[in-house]
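Close look at the chain arrangement
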Amino acid sequence: MAKNNEIPYKIYLTESEMPEAWYNFRADMEKKPAPLLDPKTHQPATLDMLSQVFCRELAEQELNDTDRYIPIPQEIRDFYRMSRPSPLVRAYCLEKQLGTPAKIYYKFEGNNTSGSHKLNSAIAQAYYAKKQGLKGVTTETGAGQWGTALSMACSYFDLDCKVFMVKVSYEQKPFRREVMRTYGASVTPSPSETTEIGKKILAEHPGTGGSLGCAVSEAVECAVTNEGYRYVLGSVLNQVVLHQSVIGLETKAALEKYGIKPDVIIGCAGGGSNLGGLIAPFVGERLRGEADYRLLAVEPASCPSLTRGKYAYDYADTGMICPLAKMYTIGADYIPAPNHAGGLRYHGMNTALSELHAQGILEAVSYQQTEVFAAAEQFARIEGILPAPESSHAIRAAIDEAMKCKETGEEKTIVFGLTGTGYFDLAGYAKYNDGELQNYVPTDEELAKSLAKLPQV
Ligand SMILES: *Cc1c(COP(=O)(O)O)cnc(C)c1O
């Protein structure tokens, strides 16, 4: 085993050390996540039902909770090679600045043009769509990370990509929009005149800036009314967590190269895909009783599904077309405060992660956005990388864990996921720098109001 001072600043794997299969931790769960339900009949979703919404192979992956490993097709591995393996970085400079005996590592997923981990699943979803002979896919995007990743993936496999982008973002955040268009996607500000639901909303609310829910409805309508199209999602689903397991498998392989055993593994949590992917192989060891890691989800205090939500069936999408999922949720109706700049706005959490939280295997904390941006600033100044606000939730928690180690003198090893860069999130940084970022914590009454609208199952 190498000594700590021999560990390089960046641990790189070689291309041949990249995983050949995704790891499906559901296979190792004794108590499985609750099944998805058909939104109309409330019966467990079948392969045939899911195949109308998703590509067939993706639907199979969604339902597969028995196969530990699912081979990564060579075409996807070829694409992964352009920006993978991603580095695992030892945060030597941050450790020194904090004066902590803890050792901090982060897995950096921002070194690709889309700027985040979302590309890991976008390329897989585009590949299976192409293989099935589809013409294209539709999706919605708020700030644009998922839309950007999906347009890159679609252009690689020569698939059409139709993105409905919330109108205010389309107008106020033109940069990701232009990346998407450069990669050949059509980007439509939502609500639009191109769908029935869009026309209806425009007639009722002329001049509206749109919302994510409205963009979802348009994307879904566009997919079901156009032959050869499917609607795709960039988080929440088990298939997405499965694809993201490439993050955790690489992290574990890199740590093992130097005989490092982590104590705490931390990820930010929106719908749960990067977190689920990062912790996947470590969860597996815990479930099989081979190791004991602390696993920590970090979410915004303004959108607190794991820390304050209810474990119940809810709509996975605001368009109510996807199956119902049993998850920690604050209600599909819940809309975070408009001044929320930190991302991670999803109302629920992946079903498998929800079940792990219910079993006490996955812990959760929440932070206010000014604390999160303060951690982002501190990290940027000492480690060089400008982090995405979403990723900065994990940075905040990692710094706090390291500071606890300073008090106790424990030499813990902390690993966190740095999911993306903040280059396209400078409007949020501007607000922080101008002192205009406000914290918002929903009251119990507010949460109760959206929770009252959960479907009766
Ligand atoms: C979308 C996104 C997230 C949150 O999504 P998860 O599915 O919870 O991983 C986190 N970080 C970045 C940079 C993102 O773009």
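Considered domain by domain, the chain is made up of domain 1 (4–20 + 83–115 + 244–451) and domain 2 (23–71 + 117–231). For domain 1 and domain 2, the distance between their C-alpha centres works out to 23 Å. Together, the buried faces of domain 1 and domain 2 total about 3300 Å²; carbon and sulfur atoms form 66% of this surface. Linking domain 1 to domain 2 there are 3 salt bridges. Here arginine 288 makes a salt bridge to aspartate 28, at a shortest N to O gap of 2.9 Å. Taken together, the connections running from domain 1 to domain 2 amount to 13 residue pairs in polar contact (both at pLDDT 80 or more).

Within the secondary structure, serine 121 sits in helix α5 (residues 119–131). A distance of 3.0 Å separates a polar atom in the side chain of serine 121 from a polar atom in the side chain of histidine 243. Dropping the residues within four chain positions of it, serine 121 is found in contact with Val240, His243 and Gln244.

Once that is clear, we can look at the site of the ligand. Of all residues adjacent to the ligand, which total 17 residues, the nearest are Lys118, Ser235, Gly270, Ser273 and Thr419. Side-chain polar atom of histidine 117 to an oxygen atom of the ligand: 3.1 Å apart, as the coordinates give it. For the ligand, an oxygen atom lies 2.7 Å from a polar atom in the side chain of serine 273. Protein contacts shield 94% of the accessible area of the ligand, which totals 390 Å² for the unbound molecule. Composition of the shell around the ligand by domain shows at least three residues from each of domain 1 (4–20 + 83–115 + 244–451) and domain 2 (23–71 + 117–231).

A few words now on the sheet that holds strand β6 (residues 136–141). Strand order across the open sheet formed by 4 strands is β8-β7-β6-β9, with parallel pairing between neighbours. Strands at the two margins of the open sheet, each flanked by one partner only, are β8 (186–190) and β9 (229–231). The sheet shows a mean angle of 25° between the axes of neighbouring strands, direction not considered. With 6 bridges joining them, β6 and strand β7 (residues 160–166) adopt parallel strand pairing. Looking at the pairing, glycine 136 lines up with aspartate 160 of β7. Where helix α10 (residues 212–225) meets the sheet, its contacts fall on β6, β7, β8 and β9, and the angle it forms with β6 comes to roughly 170°.

Attention shifts here to the sheet that holds strand β10 (residues 264–268). One open sheet holds the 7 strands; their spatial order is β1-β4-β5-β15-β10-β11-β14, and the pairing between them is mixed. Among the strands making up the open sheet, the edge pair consists of β1 (10–11) and β14 (362–367). Pairing analysis gives 5 bridges linking β10 to strand β11 (residues 294–300), with the strands arranged parallel. Following the sheet pairing, isoleucine 266 is matched in β11 by leucine 296.

Counting 72 residues, the largest nonpolar core has Trp22, Phe25, Ile76, Leu295 and Leu362 as the members making the most contacts within it. Taken domain by domain, this core gets at least three of its residues from each of domain 1 (4–20 + 83–115 + 244–451) and domain 2 (23–71 + 117–231). Among residues more than four places away in sequence, those in contact with isoleucine 76 are Trp22, Ile123, Ala124, Tyr127 and Tyr128. Counting 29 residues, the second largest nonpolar core, distinct from the first, contains Leu98, Val264, Ala394 and Ile395.

Our focus in this paragraph is unusual backbone geometry. The phi torsion of most residues other than glycine is negative, and most of the peptide bonds are trans. Of the consecutive residues arginine 84 and proline 85, the connecting peptide bond is found in the cis state with omega at -10°. Topologically, proline 85 is positioned in the loop between α3 (74–83) and β4 (88–90). The omega torsion of the bond from serine 190 to proline 191 falls at 5°, within 30 degrees of zero and hence cis. You can see proline 191 is positioned in the loop between β8 and α9 (196–204). One non-glycine residue, aspartate 158, lies in the positive phi region at around 55°. Tracing the chain through its elements places aspartate 158 in the loop between α6 (145–156) and β7.

This next bit is on the environment of asparagine 24. Within the secondary structure layout, asparagine 24 lies in the loop between β2 (21–23) and α1 (47–53). Asparagine 24 gets classed as buried once you look at its relative accessible area, which sits at 2%. Taking C-alpha positions, asparagine 24 is 8.7 Å from glycine 284, a pair spaced 260 residues apart along the chain. Polar side-chain contacts of asparagine 24 include one of 2.8 Å to the backbone oxygen of asparagine 64.

The next subject is the state of the cysteines. Taken as a whole and judged by the stated rule, the model has 0 disulfides. No disulfide involves cysteine 222; its sulfur sits 11 Å from the nearest other cysteine sulfur, which is in cysteine 161. Looking at cysteine 303, it has no disulfide partner, and the nearest cysteine sulfur is the one in cysteine 268, 13 Å off. Take cysteine 303: its relative accessible area is 1%, and that puts it in the buried class.

Taken together, the side chains of Phe175, Tyr423 and Phe424 define a hydrophobic patch exposed on the protein surface, amounting to about 360 Å² of accessible area. On the secondary structure map, phenylalanine 175 appears in helix α8 (residues 174–182). Assessed through its relative accessible area of 58%, phenylalanine 175 is described here as exposed.

Cut-offs used in this document
Residues take numbers from 1 onward in each chain, read along the sequence in its written order. For a predicted model such as this one, the threshold for reporting local features is a pLDDT of at least 70, and the threshold for listing and counting side-chain atom pairs is 80 or more; totals across whole chains, interfaces and linings nevertheless cover every residue. Only heavy atoms go into the side-chain values, all of them from the structure, while hydrogens and water stay out. Start and end positions for the domains come from either an automated domain assignment or a database one. Buried area: the sum, over both parts, of the accessible surface (1.4 Å probe) that disappears when the two are put together. Should a side-chain nitrogen of Lys or Arg be within 4 Å of a carboxyl oxygen of Asp or Glu, the pair is scored as a salt bridge. Polar contacts, as counted here, are pairs of nitrogen or oxygen atoms within 3.5 Å of one another; within protein the pair requires one atom able to donate a hydrogen and one able to accept it, and residues that are adjacent in sequence qualify only if both atoms are side-chain atoms. Each helix is a run of DSSP H or I of at least 4 residues and each strand a run of E of at least 2, with the numbering of both proceeding from the N terminus. In what follows, residue pairs with any heavy atoms lying within 4.5 Å of each other are defined as contacts. Think of it this way: one heavy atom of a residue within 4 Å of a molecule or strand is enough to make that residue near it. The Shrake-Rupley method, run with a 1.4 Å probe sphere, supplies the accessible areas, and residue values consider only the shown protein chains as cover. When DSSP finds at least two bridges between two strands, those strands are taken to pair. Each axis is a line fitted through C-alpha atoms, and for a helix only the stretch in contact is used; angles between axes span 0 to 180 degrees, taken between their N-to-C directions. Side-chain atoms within 4.5 Å are what join buried Ala, Val, Leu, Ile, Met, Phe, Trp, Tyr and Cys residues into a set we call a nonpolar core. Only protein chains enter the accessibility calculation, which uses a 1.4 Å probe. A residue is then buried if its area is under 20% of the maximum for its type, exposed if over 50%, and partly exposed in between. Note on terminology: pairs of cysteine sulfur atoms within 2.5 Å are recorded as disulfides. Surface patches are defined over residues having more than 30% relative accessible area and no salt bridge, joining like charges when they lie within 9 Å and nonpolar side chains (Val, Leu, Ile, Met, Phe, Trp, Tyr) when within 5 Å.

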